[in-house]
Protein chains: 2
Amino acid sequence: MNTKEIEIYKKIKQAIIQQKLRPNMQLVEKEIAEAFGVSRTPVRNVLRRLSYERLVKIIENKGAFVTCSSIEEAKEVFEMRRILESRAVRNACRLSSEEQLRELEKMVKEELSTYQHVDYVEAIQMSGEFHLKIAEMAGNSYFYRYLEDLISLTYVIISIYGRGQEEKSTCLHHLDIFNAIKKRDEDLAEKVTLEHLNDIEDNLRFHENLQIPTTLSEIFHP
Amino acid sequence: MNTKEIEIYKKIKQAIIQQKLRPNMQLVEKEIAEAFGVSRTPVRNVLRRLSYERLVKIIENKGAFVTCSSIEEAKEVFEMRRILESRAVRNACRLSSEEQLRELEKMVKEELSTYQHVDYVEAIQMSGEFHLKIAEMAGNSYFYRYLEDLISLTYVIISIYGRGQEEKSTCLHHLDIFNAIKKRDEDLAEKVTLEHLNDIEDNLRFHENLQIPTTLSEIFHP
DNA sequence: GCAAACATGATTGTATACAATCGCTAATAC
DNA sequence: GTATTAGCGATTGTATACAATCATGTTTGC
C-alpha cells in the first residue's frame, strides 16, 4: 500500500472503530472514492485489505460491509487474545527496556487521569493502545500484527454487544498489569492480563438474546 | 476473492511452496496475467493478498518478489508456531471428534508409508498438512487462519535454510503427537509438539554463515 | 577519461470505460 | 390474486489506456 491508500485505509478503519460506520453498513466504492477525490481502484484495494483483517466483509457482486461479528466469532477473538496476550505479557516482562516501561507507564497514567473526561469510544481506543503497546514489547512482530487486528475487531464487538459505558476497573487493571511487568513478575502479569480480558468479555451482553438486525425484513417481521 | 482469483492465488502459492518460484524472484504482473489469460487486475489482487500473508513482498513501483525471510524473521515464525501449536494441540486433545481422530490417523499412516518414496518437497507439504489438521481440530478458526500462513512461510524458510533432505524423525514425531491426542493427554501432546518444532528449527542452517545473496555485489564482493 | 544529465524501455500505479451481476419493480400469464 | 418473468437501476468485476516511476545505457560537457 502506498501513501494514498494508507491514508484512506486509516480513515476508514478509524471510522469503523469510532462507530461512525456501524456494523452491516455498506461501503459503496464510488461514494468513498468521491469522498477522497480518487478513483475506485485504490478504494477497492483498501476494502480488500480491510476484509483480510476482517473489519469488513466483502460479498461477491454485492459489496463491502462493516463487519458484524456473531457471538461465536466474538468468543473466538477473545480466546485468541487470551492466548496471544498471555504470552506477549510474559515476553514483555523479560524483554522490555526501561524506555519502553516508561512509555507504558505514561500511557497508563494518561488513561487514569482522563478516563472520565473523554468519551466512551475514545476511552476504549486508549485501552486498546495499551494492549498493543505490550504486544510491541514482546519482541516478535507477529504479536503486534495479530493483536492489531484482534483488538480492532474487539472495538466492533464492543460496539455491538457492549453496554455503552466503560468499566472503571479497566484502567485499574491496566495499572496492575503495568506494575507486574515493571516487577518482571511473569506469572502475576499473565494472571492479571487473563483476568482483565475475562472481565471485558464477561461484561458483554451475550446472553440477553440481543438481536442484531441484519436485514430490513428482520427488523419489520420479527 | 472470486473463483478466478482463487485459482490464480492457489497456483502461485503452490509454485512458491514447491520452490518453482524461488525466493527473491520477481513476479511480473503482465507475465502472470498472460499465463492465466486474464488482465493484470486480478493478478494484482492476488499478489496483494499474498503480500498480506507475507509469501511475497511488494516494493512500491518496483514489483512483487517471492519472500526471502531473514534468519530473524524465520525465528519469529517458529516462535509463533510454538505458541499457537502448543495451544492448538491441547485444544485438539479436548475437542477433537472420533471422526477427526480417524482422519488424522489416516494422514500419519500415509506419511509413514510414503515418506521415502515421494520427493522432498512433497514430503514437507504432507508434514505441513498434518500440522494444519491439528489447527483445524482446535475449535477456533484463528488457529487455522494464522497457522496456514505460518506453515506456508515455513516451506519457504526450509527452502532457504534447509538441508534438502527430510528428517526421518518427522513422521515418527507426528505419530507421537497423534498418539498423545488420541490418549487425550494434553501435557504429553504439548511436549512432543514443542520438541518436534524445535527439532525442525534446529535442523536449519542458521549458524553456518549461510549467505543469501540479495544483490550481485554481495556475491562478487564478499 | 569520467561524471553528470538525459533519454529509453520496462514495470508498476491510476483512472476510466465497459461487462456482469444483483435486487427491485412492474408487467404478464394463468 | 398470485406467481413467474422481464426490464431497469445501481453496484461491483474486468480490461485497458494512460501516467508515474525506476533502472539501464547513452550522450554530453569538461
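Every residue gets a number counted from 1 within its own chain, in the order that chain's sequence is written. To read the labels, note that chains go from A and ligands from 1, taken in the order they are written. With pLDDT at 70 or above as the cut-off, local features in this predicted model cover only qualifying residues; side-chain atom pairs require 80 or more to be listed or tallied, and sums for whole chains, interfaces and linings still use all residues. The side-chain figures draw on all heavy atoms in the structure; neither hydrogens nor water molecules are used.

Per an unreviewed UniProt entry, chain A carries the name GntR family transcriptional regulator and comes from Neobacillus rhizophilus.

(A) Representation of the overall build of chain A within the structure. Strands here are runs of E lasting at least two residues and helices are runs of H or I lasting at least four, both read from the DSSP assignment and numbered beginning at the N terminus. Within chain A, the secondary structure is distributed over 10 helices and three strands. For chain A, the sequential pattern of α-helices and β-strands runs α-β-α-α-β-β-α-α-α-α-α-α-α. Its C-alpha atoms give chain A a radius of gyration of 19 Å, within 12% of the compact-globule value 17 Å for 222 residues. Classification of residues uses two cut-offs on accessible area relative to the type maximum, computed with a 1.4 Å probe and protein chains only: under 20% is buried, over 50% is exposed, and between them is partly exposed. Residues classed as buried in chain A amount to 49% of the 222 residues present. Only heavy atoms matter for contacts: two residues are in contact if any of them lie within 4.5 Å across the pair. For chain A, long-range pairs separated by at least 24 residues make up 77% of all intrachain contacts whose partners lie at least 6 apart in sequence. Accessible areas in this description were obtained via Shrake-Rupley with a 1.4 Å probe; residue shielding takes into account the shown protein chains only. When the accessible area of chain A is evaluated, it comes to approximately 11200 Å², of which 49% is carbon and sulfur surface. Positive charge is attributed to Lys and Arg, negative charge to Asp and Glu, and no charge count is given to His or to the chain ends. Every charge is mapped onto a representative atom, which is NZ of Lys, CZ of Arg, CG of Asp or CD of Glu. On chain A, the mean spot of the 32 positive side-chain charges and the mean spot of the 37 negative ones are 3 Å from each other. As defined in this context, the radius of gyration uses C-alpha atoms, and a globule is described by 2.2 Å times the residue total to the power 0.38.

(B) Region of interest: the pairing of strand S2 (residues 56–59) of chain B. Residues and elements named next belong to chain B. Should DSSP find at least two bridges between two strands, the strands are taken to pair. Relative to strand S3 (residues 63–66), S2 runs antiparallel, the two being bridged by four bridges. Each residue of the ladder has a partner; that of Val56, found in S3, is Val66. Counted along the chain from S2 to the antiparallel partner S3, the turn is three residues long, and its residue Asn61 has a positive phi close to 65°.

(C) Quick peek at the interface of chain B and chain A. Residue-level contacts link 27 residues of chain B with 28 residues of chain A. Of the roughly 2800 Å² buried between chain B and chain A on both sides combined, carbon and sulfur atoms contribute 48%. Ranking the residues of chain B by area buried against chain A places Arg48(B), Tyr52(B) and Tyr142(B) at the top, with a combined share of 24%. Salt bridges are defined by distance alone: a side-chain nitrogen of Lys or Arg within 4 Å of a carboxyl oxygen of Asp or Glu. At the junction of chain B with chain A, the criterion picks out two salt bridges. Among the ionic pairs, Arg48(B) bridges to Glu5(A), the shortest N-O distance being 2.9 Å. Whenever two N or O atoms come within 3.5 Å, that pair is a polar contact, provided that in protein one can donate a hydrogen and the other can accept it, and provided that, for residues adjacent in sequence, both atoms are side-chain atoms. Viewed at the interface, chain A and chain B are joined by 13 residue pairs in polar contact (both at pLDDT 80 or more). Among the elements that line the side of chain B that touches chain A, the one with the most residues is helix H4 (residues 71–95) of chain B, at eight residues. By residue class, the composition of the side of chain B that touches chain A is 11 nonpolar, six polar and 10 charged. The term buried area means the drop in 1.4 Å probe accessible area that two parts suffer when joined, counted for both and summed. Residue type decides the class: Asp, Glu, Lys and Arg count as charged, Ala, Val, Leu, Ile, Met, Phe, Trp, Tyr, Cys and Pro as nonpolar, and the leftover types, Gly among them, as polar.

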